[in-house]
Amino acid sequence: MDDIDLTALDLFTAGFPHAHFDRLRENAPVHWHSPTAHTPDGDGFWVLSRYADIVTAAGDSGTYSSQGGGNRSGGGTLIEDLPADWAAGVLLNMMDDPRHARVRRLLAPSVAPRTLRLIEDELRERADAIVAAAVAKGECDFLIDLAAELPLQAVAQLLGVPQEDRHRLFGWANVALDYQDRELGEITERTRQAVAETRAYGTRLLAAKKRDPADDLMSLAATATIDGAPLSDMEQAMLFSLLIAAGSETTRNSVALGMAALIERPELWRALWRDRTLLDGAVEEILRWASSTPYNRRTATRDHELHGQRIRAGDKITLWWASANRDAAVFADPHRFDITRKPNPHLAFGRGGHFCLGAALARMEMRVVFTALLDQVDGVELTGPIEYTRSNKHTGVRHMPVRLTAKSVGGQGGS
Ligand code: HEM
């Protein structure tokens with residue numbers, strides 16, 4: 001397996017490299033990935049590829065920490081170590097319990113299904129308008145004009161960001177998460193600036209919310225207390241950056257990759273046209289298929305054994321959700337895109353204590369966008385090649401040129 005370099009980002013420019021993970025699941029379920037020219041910190045790391053092992057690790061945060069372990073000064077959930085002063089132990093998703101559980105409990109009601117139902121009608125209207133504008137153009141970039149817009153509008157609304165600022169934030173998030181012109185662990189002047197601009201914007205927004213709180217998530221973050229103490233300034237600012245990135249990057253990629261799968265399978269698009277009860281199942285299959293967050297890392301907090309492999313405190317361990325989601329031990333015919341798959345216990349949103357806080361929001365966004373498309377669009381066809389994201393951290397699309405045909409009354413549904 002030593003020919004597989006998961007840190008060489010060019011491996012990901014045609015989508016997620018499933019063939020390599022088929023081999024890993026089969027032959028080396030707990031694989032030691034030796035350091036390569038691209039590996040940050042000069043460290044090797046463990047690669048878990050089977051569903052069962054990933055579920056075990058994600059459910060045992062005592063052994064598999066999201067923060068750090070051993071003698072490391074930093075840690076976090078990327079292959080590269082992030083410093084403890086602004087990431088590991090500060091970002092919600094890179095924090096261990098008990099602090100993690102307490103911050104999470106504070107935020108959870110704001111994104112609970114009950115709360116989201118209150119904004120569903122508004123999201124529907126937004127999705128209808130987004131699709132109508134794209135249909136009016138005829139030819140457009142499905143990623144930019146369609147898939148990215150609703151998640152961005154929704155996260156701006158939830159956080160209490162003025163809608164007119166959303167494209168600026170989108171631009172910064174794109175640059176911060178982009179690996180087009182850099183390798184893992186490298187920070188360019190462009191990324192440094194985008195990260196700084198996002199943080200400065202978040203700090204200004206939080207100060208405004210502190211002075212004049214409203215009914216939104218950033219007002220909550222600015223004013224809430226745990227044991228009588230507010231979240232630290234850095235925790236608040238990093239929460240803003242996390243939610244902007246998590247809220248905008250992931251869902252758009254699932255929507256775009258889902259649409260690409262449907263364009264290749266026009267019979268499924270027509271089936272959805274005829275029978276909307278298939279939509280919830282289609283959303284789950286798109287989530288499994290796209291696995292737009294392909295992996296998260298943990299750090300071993302103690303020496304232990306897994307499948308006969310000796311893991312030491314401080315070792316990096318990567319959990320590949322995208323691989324678990326194609327594990328034949330759990331999913332029959334795993335490389336088949338099947339919108340009627342049942343059950344579909346995919347791990348696209350992770351598992352355990354860090355299970356995606358935005359899962360209900362992402363599902364709702366996907367449902368309303370595909371509903372608006374099915375309502376208004378007869379056929380979608382690609383007019384050029386899909387440009388995939390050059391990243392092993394986000395599986396997705398940068399550009400996807402399409403032609404949309406408006407639905408004619410009484411039409412039969414093409415694609
Ligand atoms: C299709 C869309 C999405 C996918 C595939 C996705 C995937 C994930 C995954 C795999 C994790 C677990 C990380 C880990 O275990 O280390 C996670 C956590 C998280 N996600 Fe999502 N996500 C999506 C949408 C969203 C949205 C829309 C938001 C917020 C507005 C969001 C906010 C978060 C947060 C805050 C966490 C950290 C939770 C914690 O550590 O307790 N995500 N997500």
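Residues numbered from 1 in each chain as written. Predicted model: local features only at pLDDT ≥ 70, side-chain atom pairs only at ≥ 80, totals over all residues. Heavy atoms only, no water.

Caption draft 1: Spotlight on the site of the ligand. In the vicinity of the ligand, 28 residues are found, and the nearest of them are His100, Arg104, Arg298, His354 and Cys356. For the ligand, an oxygen atom lies 2.6 Å from a polar atom in the side chain of His100. Counting residues per element, the ones that place at least two in the shell around the ligand are helix H3 (99–107), helix H10 (233–264), strand S7 (295–300) and helix H14 (359–376). Element by element, the count of residues in the shell around the ligand is highest for H10, at seven residues. The residue inventory of the shell around the ligand, partitioned by class, reads twelve nonpolar, 14 polar and two charged. (Near = heavy atom within 4 Å. Polar contact = N/O pair within 3.5 Å; in protein donor to acceptor, adjacent residues only side chain to side chain. Helix = DSSP H or I, 4+ residues; strand = E, 2+ residues; numbered from the N terminus. Nonpolar A, V, L, I, M, F, W, Y, C, P; charged D, E, K, R; others polar.)

Caption draft 2: The coordination of the iron atom of the ligand, seen in detail. Just one protein atom donates to the iron atom of the ligand; it is Cys356 (SG), sitting 2.3 Å from the metal. Following the sequence through the fold, Cys356 ends up in the loop between helix H13 (321–324) and H14. (Donors = N, O, S within 2.8 Å, 3.2 Å for Na, K, Ca; no water.)

Caption draft 3: Highlighting the packing of aromatic side chains. Under the definition given, this model contains eleven aromatic pairs. A centroid spacing of 4.9 Å and a plane angle of 25° characterise the contact between Phe16 and Phe21, whose relative ring orientation is stacked. The exposure class of Phe16 is buried, given its relative accessible area of 12%. Taken together, the ring pairs in this structure connect Phe12, Phe16, Phe21, Tyr295 and Trp320 into an aromatic cluster. (Phe/Tyr/Trp six-rings, centres within 6.5 Å; stacked < 30°, edge-to-face > 60°. Buried < 20%, exposed > 50% of the residue type's maximum accessible area, 1.4 Å probe, protein only.)

Caption draft 4: Looking closely at unusual backbone geometry. Following Asp97, the chain continues into Pro98 via a peptide bond in cis, with omega recorded as 10°. Turning to its location among the elements, Pro98 is positioned in the loop between strand S3 (64–65) and H3. Cis geometry marks the peptide bond from Lys342 to Pro343, where omega comes out at -5°. As for its placement among the helices and strands, Pro343 is situated in the loop between H13 and H14. A positive phi angle, close to 50°, is found at Asp227, a residue other than glycine. Along the chain, Asp227 turns up in the loop between strand S5 (225–226) and strand S6 (229–230). Its relative accessible area of 65% is what places Asp227 among the exposed residues. Phi at Ser291 is positive, roughly 35°, even though this residue is not glycine. Here Ser291 is to be found in the loop between helix H12 (279–290) and S7. Given the relative accessible area of 3%, Ser291 is considered buried.

Caption draft 5: Looking closely at the sheet that holds strand S2 (residues 45–48). Across the sheet, five strands lie side by side as S1-S2-S10-S7-S3; this open sheet has mixed pairing. In this open sheet, the two strands that pair with only one neighbour each are strand S1 (30–33) and S3. Bridge analysis of S7 against strand S10 (residues 316–320) gives five bridges, and the strand direction is antiparallel. Bridge assignment links Arg297 to a residue of S10, and that residue is Thr318. Its contacts with the sheet place helix H2 (residues 51–58) against S2, S3 and S10, and it is angled at close to 125° to S10. (Pairing = 2+ DSSP bridges. Contact = heavy atoms within 4.5 Å. Axes fitted to C-alpha atoms, helices over the stretch in contact; angles between N-to-C directions.)

Caption draft 6: Geometry of the side chain of Arg252. Structurally, Arg252 can be placed in helix H10. Look at Arg252 and you get buried, because its relative accessible area is 1%. A polar contact of 2.9 Å, which involves the side chain of Arg252, links it to the side chain of Asn174. For Arg252, the residues in contact, after removing those within four places along its chain, are Leu143, Ala147, Ala148, Pro151, Phe170, Asn174 and Arg398.

Caption draft 7: Expanded view of helix H7 (residues 166–177). The end-to-end C-alpha distance of H7 is 16 Å, a good match for the 16 Å that twelve residues give at a rise of 1.5 Å each. Where H7 is concerned, the buried positions are Arg166, Leu169, Phe170, Trp172, Ala173, Asn174, Val175 and Leu177. Those residues of H7 that are buried are in contact with helix H5 (142–147), helix H6 (149–159), helix H8 (189–211), H10 and strand S13 (397–399). (Expected span 1.5 Å × (residues − 1).)

Caption draft 8: Expanded view of the nonpolar core. With 107 residues, the main nonpolar core has Phe142, Met259 and Leu373 as its most contacted residues. Residues within four places of Leu373 in sequence aside, it is in contact with Val131, Phe142, Leu146, Met259 and Trp269. Leu48, Tyr51, Ala58 and Trp321 belong to the second-largest nonpolar core, a separate cluster that totals 17 residues. (Core = buried A, V, L, I, M, F, W, Y, C linked by side-chain atoms within 4.5 Å.)

Caption draft 9: Here's a closer look at the side chain of Glu149. Within the fold, Glu149 resides in helix H6. Separated by 2.7 Å, the side chains of Glu149 and Gln153 make a polar contact. Apart from the residues within four sequence positions on either side, Glu149 is in contact with Ile130, Ile144, Arg166 and His167.

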